[in-house]
Amino acid sequence: MKILVTGGAGYIGSHTCVQLLEAGYEIDVIDNLHNSCEVSLERVKQITGKDFNFFKIDLLDYDAIDEVFAKGAYDAVIHFAGLKAVGESVEIPLAYYHNNITGTIHLCQAMQKYNCKKLVFSSSATVYGDPHTVPIKEDFPLSATNPYGRTKLTIEYILKDLYKSDNEWDIVILRYFNPVGAHKSGLIGEDPNGIPNNLVPFISQVAVGKLKELSIYGNDYDTPDGSGVRDYIHVVDLANGHLKAIEKVAKKSGIAIYNLGTGRGYSVFDMVKAFSEACGKQIPYKIVDRRPGDIGMCYADPTKAKEELGFIATHSLKEMCEDTWRWQEANPNGYK
């Protein structure tokens, strides 16, 4: 099978490229490098010993996408590309709606034109909004508390409507929880622009000395220790979930939605403690105000993915922290 990976130079995309290549798939990658770096793809080639095509294009440029599909003969697409920072989405909502939704429409139009109707879409647990109970199941009510989440939710509706209009499509929507960790080699990992939006890269940059202290956004949530609780999943587990999804769309599968998480929630203070143990340093922190759009508690019920995809997250919290630290220590400035 030949697979086109959009956003393949990014954090989750690059790890998925490694897993795809090692599983024997042929890939091409497109990425506009807005929030990623081509070095990650060079390192994917280094890890796997395999080559692939990279196209530096933006999904907002339909003609460029058309050109890629005209040459590509793809069997399926894994769609990661998109702007992804919750806080930033609150500040510049129009950019998020335009980029994420229009880009996906362009991609689907090209796929339809070239009769490539197998798609795995990178969605998010943010589509559940502020859930009334946890763990979260796929049939929970959908809403979103920020523009980023609303772009993911809108795209899910677009894909459902697309399937309803033409059931030759096979689509898997993956709602993932909080990706952390890095490849065991330490060659690829999360490399955010500027001050990280996500907890674990923030902690790791404090540990490596790039940042002075961790900001903990709120300690007055209705959780065991007052800090936000999330379901952290190792990025390699997440990447393997995409391989399971590709196996699913390779058969005539219709449209399906799965949570990818561990089913266990850890608080911010749990993560600080686990990372301190992994790196052998205390992580200085300060408590600051909650961020707009953040919720108190969010973790998955991963039963459906286990039963229908055969997907189980296997990496422990200890491995998540150790692998993150190995990457950060070897690459204090990321790919730069």
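Residues numbered from 1 in each chain as written. Predicted model: local features only at pLDDT ≥ 70, side-chain atom pairs only at ≥ 80, totals over all residues. Heavy atoms only, no water.

Undergrad: Help me understand the overall build of the protein chain, please; the structure alone is not making it clear to me.
TA: For the protein chain, the count of helices and strands is eleven helices and 14 strands. Computed over its C-alpha atoms, the radius of gyration of the protein chain comes to 19 Å, within 12% of the 20 Å expected for a compact globule of 336 residues. When the backbone C-alpha atoms are referred to their principal axes, the protein chain occupies close to 55 × 45 × 40 Å. Of all 336 residues assigned to the protein chain, the portion counted as buried reaches 56%. (Helix = DSSP H or I, 4+ residues; strand = E, 2+ residues; numbered from the N terminus. Rg over C-alpha atoms; globule rule 2.2 N^0.38 Å. Buried < 20%, exposed > 50% of the residue type's maximum accessible area, 1.4 Å probe, protein only.)

Undergrad: Would you explain the packing of helix α7 (residues 199–207) against helix α11 (residues 317–330) in this entry?
TA: Relative placement of two packed helices is described by the angle separating their axes and the distance separating the axes. Viewed as axis vectors pointing N to C, α7 and α11 meet at an angle of 50°, and their least axial separation amounts to 10 Å. The angle between α7 and α11 falls in the class oblique. Crossing of α7 over α11 shows right-handed handedness. Taking contact as the criterion, the partners of V200, P201, S204, Q205 and A207 in α7 are, on α11, T324, W325 and Q328. Here the residues of the contact of α7 with α11 are counted per class, giving four nonpolar, four polar and no charged. (Axes fitted to C-alpha atoms, helices over the stretch in contact; angles between N-to-C directions. Parallel < 35°, antiparallel > 145°, perpendicular 65-115°, else oblique. Left-handed = near helix turned anticlockwise from the far one by under 90°. Contact = heavy atoms within 4.5 Å. Nonpolar A, V, L, I, M, F, W, Y, C, P; charged D, E, K, R; others polar.)

Undergrad: Looking at this structure, I do not really get empty space enclosed by the protein. What am I missing?
TA: Space left empty within the atom packing is revealed by a probe, the size of a water molecule, rolled over the atoms. Counted under the stated rule, the structure contains two cavities of 30 Å³ or more. In terms of lining residues, the largest cavity is bounded by Y11, V180, G181, E190, V200, P201, S204, T324, W327 and Q328. Sorting the residues of the lining of the largest cavity by element identifies α7 and α11 as the ones contributing at least two each. Its residues placed into classes, the lining of the largest cavity shows five nonpolar, four polar and one charged. Taken as a whole, the second largest cavity holds about 30 Å³ of empty space. Contributing to the lining of the second largest cavity are H79, A81, G82, N100, T104, F121, K152 and I155. Of all the secondary structure elements, the ones that give two or more residues to the lining of the second largest cavity are α5 (93–113) and α6 (147–165). (1 Å grid on protein atoms, 1.4 Å probe; cavity = no way out; pocket = protein on both sides within 12 Å on 5 of 7 lines; lining within 4 Å. Points joined across faces, edges and corners; volume = space filled by probe spheres on them.)

Undergrad: Looking at this structure, I do not really get the sheet that holds strand β14 (residues 297–298). What am I missing?
TA: Within a sheet, each strand pairs with its neighbour through backbone hydrogen bonds, oriented either parallel or antiparallel. Taken together, three strands build an open sheet; the order of strands is β12-β9-β14 and the sheet is mixed. With partners counted over all chains shown, the strands left at the sheet margins are β12 (266–267) and β14, one partner each. Of the strand pairs in this sheet, strand β9 (residues 229–230) and β12 are connected by two bridges, and their pairing is antiparallel. Pairing of V229 across the sheet is with S267, part of β12. (Pairing = 2+ DSSP bridges.)

Undergrad: How do you make sense of the pattern of salt bridges when you look at a structure like this?
TA: Opposite charge on two side chains lets them pair, provided their charged atoms get close. Counted under the stated rule, the structure contains 19 salt bridges. Its salt-bridge partner being K71, residue E67 comes within 3.9 Å of it at the nearest N-O pair. Here the residue E67 and the residue K71 both occupy positions in helix α3 (residues 62–72), the gap between them amounting to four residues, near one helical turn. Classification of K71 as exposed rests on a relative accessible area of 65%. Between D220 and R290 there is a salt bridge; the shortest N-O distance is 3.0 Å. Residue D220 is located in the loop between β8 (214–217) and β9, and its partner R290 is located in the loop between β13 (285–288) and β14; the two are separated by 70 residues in the primary sequence. By relative accessible area, which is 51% here, D220 ends up exposed. (Salt bridge = Lys/Arg side-chain N within 4 Å of Asp/Glu carboxyl O.)

Undergrad: Which parts of the structure should I look at to understand the packing of aromatic side chains?
TA: Geometrically, a pair of aromatic rings is defined through the distance of the ring centres and the angle of the planes. Using the criterion set out here, one finds five aromatic pairs in the structure. Ring geometry for F269 against Y285: centres 5.6 Å apart, planes inclined by 65°, an arrangement best described as edge-to-face. Remark: Y285 occurs in strand β13 and F269 occurs in helix α9 (residues 268–279); sequence separation between them is 16 residues. Classification of F269 as partly exposed rests on a relative accessible area of 22%. Ring geometry for W327 and Y335: centres 5.0 Å apart, planes at 55°, overall tilted. For the residue pair W327 and Y335, the accessibility class agrees, reading buried in each case. Ring-pair connections join several aromatic residues into one group, and the members of that group are F69, Y74 and Y114. K45 extends its terminal NZ or CZ atom over the ring of F52, reaching a point 4.9 Å from the ring centre. One residue, K304, lies across the ring of Y258, its end atom 5.1 Å from the ring centre. (Phe/Tyr/Trp six-rings, centres within 6.5 Å; stacked < 30°, edge-to-face > 60°. Lys NZ or Arg CZ within 6 Å of the ring centre and 35° of its normal.)

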